[in-house]
There are 2 protein chains.
Amino acid sequence: MFFFPLRQELLKWNGWGYNDSKFIFNKKGQAEFTGKRYRLGGMVLPTFKEWIEKTFGASLEHKTTSRASLNVNDVPPSIVNEEFLQDLRATKISYSQDAEDRVFRAHGHCLHEIFVLREGMFKRIPDIVVWPVCHEDVVKIVELACKHNLCIIPFGGGTSVSSALECPEEEKRTIVSLDTSQMLAESGFCTGHEPDSMEFSSLGGWVATRASGMKKNIYGNIEDLVIHIKMVTPRGIVEKNCQVPRMSTGPDIHHFIMGSEGTLGVVTEVTIKIRPVPEYQKYGSVVFPNFERGVACLREVAKILRALFASICLFLLFAKGHALKPQVASIFTSFLDGLKKFYITKFKGFDPNILCVATLLFEGDREKVLQHEKQVYDIATKFGGLAAGEDNGQRGYMLTFVIAYLRDLGLDYYVIGESFETSVPWDRVLDLCRNVKERIVRECKEKGVQFAPLSTCRVTQTYDAGACVYFYFAFNYRGISDPIHVYEQIERAAREEILANGGSLSHHHGVGKLRKRWMKESISDVGLGMLRSVKEYVDPNNIFGNKNLL
Amino acid sequence: MFFFPLRQELLKWNGWGYNDSKFIFNKKGQAEFTGKRYRLGGMVLPTFKEWIEKTFGASLEHKTTSRASLNVNDVPPSIVNEEFLQDLRATKISYSQDAEDRVFRAHGHCLHEIFVLREGMFKRIPDIVVWPVCHEDVVKIVELACKHNLCIIPFGGGTSVSSALECPEEEKRTIVSLDTSQMLAESGFCTGHEPDSMEFSSLGGWVATRASGMKKNIYGNIEDLVIHIKMVTPRGIVEKNCQVPRMSTGPDIHHFIMGSEGTLGVVTEVTIKIRPVPEYQKYGSVVFPNFERGVACLREVAKILRALFASICLFLLFAKGHALKPQVASIFTSFLDGLKKFYITKFKGFDPNILCVATLLFEGDREKVLQHEKQVYDIATKFGGLAAGEDNGQRGYMLTFVIAYLRDLGLDYYVIGESFETSVPWDRVLDLCRNVKERIVRECKEKGVQFAPLSTCRVTQTYDAGACVYFYFAFNYRGISDPIHVYEQIERAAREEILANGGSLSHHHGVGKLRKRWMKESISDVGLGMLRSVKEYVDPNNIFGNKNLL
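Residues numbered from 1 in each chain as written. Chains lettered and ligands numbered in written order. Predicted model: local features only at pLDDT ≥ 70, side-chain atom pairs only at ≥ 80, totals over all residues. Heavy atoms only, no water.

1. Section: the pairing of strand β16 (residues 454-463) of chain B
Residue and element names in this part refer to chain B. Where burial is concerned, most of β16 is hidden: 10 out of the 10 residues are buried. Where β16 and strand β17 (residues 466-476) come together, nine bridges link them in antiparallel fashion. Of the residues in β17, the one forming a bridge with Arg458 is Tyr470. Remark: two residues form the turn of the hairpin made by β16 and β17, two consecutive strands paired antiparallel. (Buried < 20%, exposed > 50% of the residue type's maximum accessible area, 1.4 Å probe, protein only. Helix = DSSP H or I, 4+ residues; strand = E, 2+ residues; numbered from the N terminus. Pairing = 2+ DSSP bridges.)

Below, the structure written as structure tokens:
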């Protein structure tokens, strides 16, 4: 909830998040989450071992190995010409050519990126990292890059899952990683913007990717929060002359900047709405007999959401099997042990293979929260939902932050996986979810995956006109010689299925290099040409050469 | 609230709105509004004559004359080459070269445009009007325009107040007015988008200008309502591939289209959110001792507006004198006669020269409306506001629709005037209002205006981060040889003052040709260059040559 600079030394070099926070199997063979940063820290998850073995056919006997630390001999050399270095030193801006610093900024958190860190090395990484501390520093760096014809890749929090931060292998110029994470001052207010990556991602990154947070129903997405943006481009500085809530002075240049993914310049200043920290918070959860009823309930709540706007900020729907039983078990319900007992003993009518769970979070003033909570539960009841307590709700919310840690555990046991998201109109949600999950299972079979995959989804955000849906896909890759390639082929097929079902290319993860093959289809030839025309004007020499989007 | 095609034959050729609706002075010398379209129709306004005489120094003895009807001999000839006409006939698309049809589409409703209609003739008007009925018709027209090198000016409802529809005098090519108003089917739903011009303006026009409506607090501005846009450009068709509530696939191309003011192409299809007609509506009004308290109250309401989001859609603040007494009387209070008695008799503490009035409209379900109404009145009380009844509120809301009719009456008596708007952060509202109003008065003196002008303002829309402010400026121009030029110089000075006080170039009227001199200052050199680069890509031969914005 507070801005803070990225502290590289606290973070894993080859996995998600903090060094001290990870899933392990303890001496008793029980899964446990380490560290004290998260509420889950120190907790033992009794059914987790069984779940991972059963779901993936994984065995704790068969553990993969990966490099314990970065081998600097593997790292491509830093090639930076001396004239540039002289000019850079004259600016007094901090920089580094150390292997660790450069590798840390050579990637985001796509599966293939983490896999490369564990098993090999990137062919191309930044040659130098620079740490500007203010707008003027950035202006100087961009000027030097133009003067010396360098390639700049802006770096915020490094949490990208679109290959946006990977260096184009064919880039011959010196690549400068421009790290903006230290440019944000700490602040005691609340923006309300809480993406899953909130702890690590940066304000500039939120703007550059068109970010969305879990509390967007209260606070809005990044485009609703931003009042003013200043960006440094090779053509000069772009910004509006005033800090007004709304204006009509031609096409909105903020929307030329938001989503530009580092291809046009560096965002150096953002004026964002802040609010007092909310007086009161309350979690909640609802179990629905099946995914269909859950989605119908969410749609109904979204319809009247404006009436609830004051406090409901989250309504995550965790799908369990949903038409893929019995081979798919939800990754989530392992965490919802309390819940399990609850529904099994008290509401046996619910088939554990097809039920689903919604997580709620209300915040605002106390009276409103209680009032809206009642309204939501009343609606849920109409759709067959059963209230399942605050604790499960809180665990569900927290889960969002620790999901990313799970993949590292899987990687230790030959399980690879990823999540990806889309947005979709309400009337297509169910078809899209079913078809994409089935497509994943089918593709796995065809590609020779020997164990049934995890293929599940959740509705993570709701709008009046549709929803954001996340898919979770993972499989045991033992016996497959090129697991990452197989994974990527299947994810690609899943994206084709999403698009064929009326879903978008991305709700908020962005395009990067991973999804750019579909850009023309997504925004039409002319739409893509418009983006290109802006790029060519702003950056004719492709100084911002990360090759995202276009 | 419903879409309907523009019916030219019902509308004035040289003034605002319907032929049968206007302010007149009846045989008794009393002001009256004619026709039955508005609730004000047939009503006598007893104090209006006195008000107009006192405020402007106008005399009903001195009436201007204007042309009773269009003199077709004054109208520039239609120059259209025969090859194009042959091609056009082959498409079966309706067209006209009649003088009336062409003049009707040669202008919007800026003061100088109406003045020209009354006193002279435009130097350049469209040569031909075409009426496509579907997307494919528009594609054909744009293709023909490219083939024959013609200039297309899209026309929606003709309510522009930015000179956007005026033909560039130096345009040598045939100018085709492409009227889209008949392309909208009638519909029984409610969009909630209610700009002052709602009765006449078009959906395509709302998109092209980034429109805002009076009920935006409930329903949102046009950017919040639009789900999908299709636009025909000389480069081809631009649109997204899906109809999702939100996506992150690079910069949002909808925002390249919204606000493009007819410079890039023609919007042919828009998918917009609709809602059931609200169950319950309730008007309201509050009198504040002064403008400062009123603004403070609005800001407080805006802060908690999300809690009230369900139903409050309007909170107009009509300023009276505000630091310009006694020479300025509010144009509005003439209509609030009932109110006048109310505060004079019951609350004598309020100085009639500095009080101000807020108009409220709540809509939604009945229970919420009543609940939110109470909350708003409670807040208003804290700021010294006194509830002033539903009737005054309803009159105030209705006034918004008839204000535009007032100017035509003024023009009959040597009074010229206009309104213009801006957006501004909350902390600048009071300074901006005071400084702009004073600047207008000062400029009038310097320019030789003999009578004190009307120089007043109102807050028309509120956001968490600021407000939209309208200024109303009018003066008696007797004794001035070039009144329009003087008017424009003063409005220009007022805009300079707005910008110097942190206001925007436009909240929702747009830029057109009237305000384009400030575009560079408003969105920076690079920002303007980005817009130009899109224009050059999409329309390299400037087929959409209305010369707005850039």
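From this point, the discussion proceeds with the structure in view.
2. Description of the packing of aromatic side chains
For the coordinates displayed, the defined rule picks out 33 aromatic pairs over all chains. Geometrically, the ring pair formed by Phe33 of chain B and Tyr38 of chain B is edge-to-face, given 5.7 Å between the ring centres and 75° between the ring planes. Accessibility expressed as a relative area gives 0% for Phe33 of chain B, which makes it buried. Through pairs of rings, three or more aromatic residues link up here, namely Phe23, Phe25, Phe33, Tyr38, Phe48, Trp51, Phe56, Tyr405 and Tyr413 of chain A. For Arg458 of chain A, the ring lying beneath its charged end belongs to Tyr470 of chain A, and the centroid distance is 5.8 Å. Looking at Arg366 of chain B, its charged tip hangs above the ring of Tyr280 of chain B, at a distance of 5.2 Å from the centre. (Phe/Tyr/Trp six-rings, centres within 6.5 Å; stacked < 30°, edge-to-face > 60°. Lys NZ or Arg CZ within 6 Å of the ring centre and 35° of its normal.)

3. Comments concerning the pattern of salt bridges
All names here are of chain A. In the structure shown here, the tally under the stated rule is 50 salt bridges over all chains. Arg89 is the partner of Glu82 in a salt bridge, and the nearest nitrogen-oxygen pair spans 3.2 Å. In this structure Arg89 comes out as partly exposed when scored by relative accessible area, which is 40%. (Salt bridge = Lys/Arg side-chain N within 4 Å of Asp/Glu carboxyl O.)

4. Some words on the packing of helix α10 (residues 291-303) of chain A against helix α15 (residues 429-446) of chain A
Residues and elements named next belong to chain A. At a closest axis distance of 10 Å, the pairing of α10 and α15 adopts a crossing angle of 145°. Both α10 and α15 take part in a crossing whose hand is right-handed. Along its contact with α10, which presents Phe291, Glu292 and Val295, the element α15 presents Val429, Leu430 and Cys433. Of the residues that constitute the contact of α10 with α15, the class distribution is five nonpolar, no polar and one charged. (Axes fitted to C-alpha atoms, helices over the stretch in contact; angles between N-to-C directions. Left-handed = near helix turned anticlockwise from the far one by under 90°. Contact = heavy atoms within 4.5 Å. Nonpolar A, V, L, I, M, F, W, Y, C, P; charged D, E, K, R; others polar.)

5. A word on the interface of chain B and chain A
Opposite the 79 residues of chain B that make contact, chain A presents 79 residues. Of the roughly 6000 Å² buried between chain B and chain A on both sides combined, carbon and sulfur atoms contribute 60%. At the boundary of chain B with chain A, the tally comes to six salt bridges. Across the pair Glu223 of chain A and Arg246 of chain B runs a salt bridge whose closest N-O atoms are separated by 2.6 Å. Applying the counting rule to chain B against chain A returns 30 residue pairs in polar contact (both at pLDDT 80 or more). Broken down by class, the residue content of the side of chain B that touches chain A amounts to 35 nonpolar, 30 polar and 14 charged. (Buried area = accessible area lost by both parts, 1.4 Å probe. Polar contact = N/O pair within 3.5 Å; in protein donor to acceptor, adjacent residues only side chain to side chain.)

6. Section: the nonpolar core
Counting 67 residues, the largest nonpolar core has Val207 of chain A together with Val207 and Met530 of chain B as the members making the most contacts within it. If you tally residues by element for this core, the top one is helix α17 (residues 519-538) of chain A, at nine residues. Those residues in contact with Val207 of chain A, other than ones at most four positions away along the chain, are Ile222, Val226, Ile229, Ile257, Met258, Gly259, Val267 and Val270 of chain A. (Core = buried A, V, L, I, M, F, W, Y, C linked by side-chain atoms within 4.5 Å.)

7. With respect to the sheet that holds strand β3 (residues 44-45) of chain A
Hydrogen bonding along the main chain pairs the strands of a sheet, whether they run parallel or antiparallel. Residue and element names in this part refer to chain A. If you trace the three strands from one edge of the open sheet to the other, you get β1-β2-β3, paired in antiparallel fashion. If you trace the sheet from one side to the other, it starts and ends with β1 (23-25) and β3, each paired once. Sitting on the sheet, helix α14 (residues 390-412) is in contact with β1 and β2 (31-33), with an inclination near 45° to β1.

8. Re the relation of the copies chain B and chain A
Expressed as a screw transformation, the operator carrying chain B onto chain A has a rotation angle of 180° and an axial translation of 0.0 Å, and the superposed copies differ by an RMSD of 0.0 Å. When the rotation and shift are considered jointly, the pair of chain copies conforms to a two-fold rotation axis. (Least-squares fit on C-alpha atoms with pLDDT ≥ 70 in both.)

9. Considering the packing of α17 of chain A against helix α17 (residues 519-538) of chain B
Two numbers describe how α17 of chain A lies on α17 of chain B: the axes approach to 8 Å, and their chain directions differ by 135°. Classified by the interaxial angle, the pair formed by α17 of chain A and α17 of chain B is oblique. As α17 of chain A runs across α17 of chain B, the sense of the crossing is right-handed. Where α17 of chain A abuts α17 of chain B, its residues Asp525, Val526, Gly529, Met530, Ser533, Val534, Tyr537 and Val538 of chain A lie against Asp525, Val526, Gly529, Met530, Ser533, Val534, Tyr537 and Val538 of chain B. (Parallel < 35°, antiparallel > 145°, perpendicular 65-115°, else oblique.)

10. Considering helix α5 (residues 135-148) of chain B
Residues and elements named next belong to chain B. The end-to-end C-alpha distance of α5 is 20 Å, a good match for the 20 Å that 14 residues give at a rise of 1.5 Å each. Those residues of α5 not exposed but buried are His135, Asp137, Val138, Ile141, Val142, Leu144, Ala145 and His148. After α5 finishes, the residue Asn149 shows a positive phi value of roughly 50°. (Expected span 1.5 Å × (residues − 1).)

11. A short note on the pairing of strand β10 (residues 266-272) of chain A
Residues and elements named next belong to chain A. In terms of burial, β10 is a largely internal element, five of the seven residues being buried. In this sheet, β10 lies alongside strand β8 (residues 226-233) in antiparallel orientation, the contact comprising six bridges. Its bridge partner being in β10, Val226 is matched across the sheet by Ile272.

12. Overview of helix α4 (residues 111-119) of chain B
Residue and element names in this part refer to chain B. Taking burial as the measure, the nine residues of α4 include seven buried ones, the bulk of the element. All of the buried residues along α4 are Leu111, His112, Glu113, Ile114, Phe115, Leu117 and Arg118. Buried positions along α4 lie against α3 (99-104), α14 (390-412), β15 (415-425) and α16 (483-500).

13. Overview of the confidence of the model for chain A
Any region with low pLDDT has predicted coordinates that should not be read closely. Residues and elements named next belong to chain A. Averaged over every residue, the pLDDT of chain A is 87; residues scoring 70 or more account for 89%. For the stretch residues 1-5, pLDDT sits under 50, and the model shows 20 contacts to residues farther than four places along the chain or on other chains. Contacts for the low-pLDDT stretch residues 321-336, under 50 throughout, to residues beyond four places or in other chains number 54 contacts. Predicted as a complex, the structure gets a pTM of 0.93 and an ipTM equal to 0.92. (pLDDT = per-residue confidence, 0-100.)

14. Regarding the UniProt feature "active site" (unreviewed entry) in chain A
Residue and element names in this part refer to chain A. Per the UniProt record, the feature "active site" (unreviewed entry) sits at Tyr470. Considering the arrangement of structural elements, one finds Tyr470 in strand β17 (residues 466-476). Take Tyr470: its relative accessible area is 5%, and that puts it in the buried class. In this structure Tyr470 touches Asp196, Ser419, Phe420, Glu421, Thr456, Cys457, Arg458, Thr460, His508 and His509, once residues within four positions along its chain are discounted. (UniProt positions renumbered as here; feature names shortened; annotations may be inferred.)

15. What to know about unusual backbone geometry
A positive phi angle, near 55°, is found at Asn542 of chain A, a position not held by glycine. When you line up the elements, Asn542 of chain A lands in the segment after α17. Residues other than glycine seldom take positive phi values, yet Lys92 of chain B does so here, at roughly 70°. Its location among the elements puts Lys92 of chain B in the loop between α2 (82-91) and β4 (94-96). Residue classification places Lys92 of chain B among the exposed residues on the basis of a relative accessible area of 75%.

16. Brief notes about the side chain of Ser21 of chain A
Residues and elements named next belong to chain A. Locating Ser21 in the fold gives a position in the segment before β1. Looking at Ser21, the relative accessible area reads 0%, which means it is buried. Polar side-chain contacts of Ser21 include one of 2.9 Å to the side chain of Asp20. Once residues within four sequence positions are removed from consideration, Ser21 is found in contact with Lys12, Phe33, Thr34, Arg37, Tyr38 and Tyr405.

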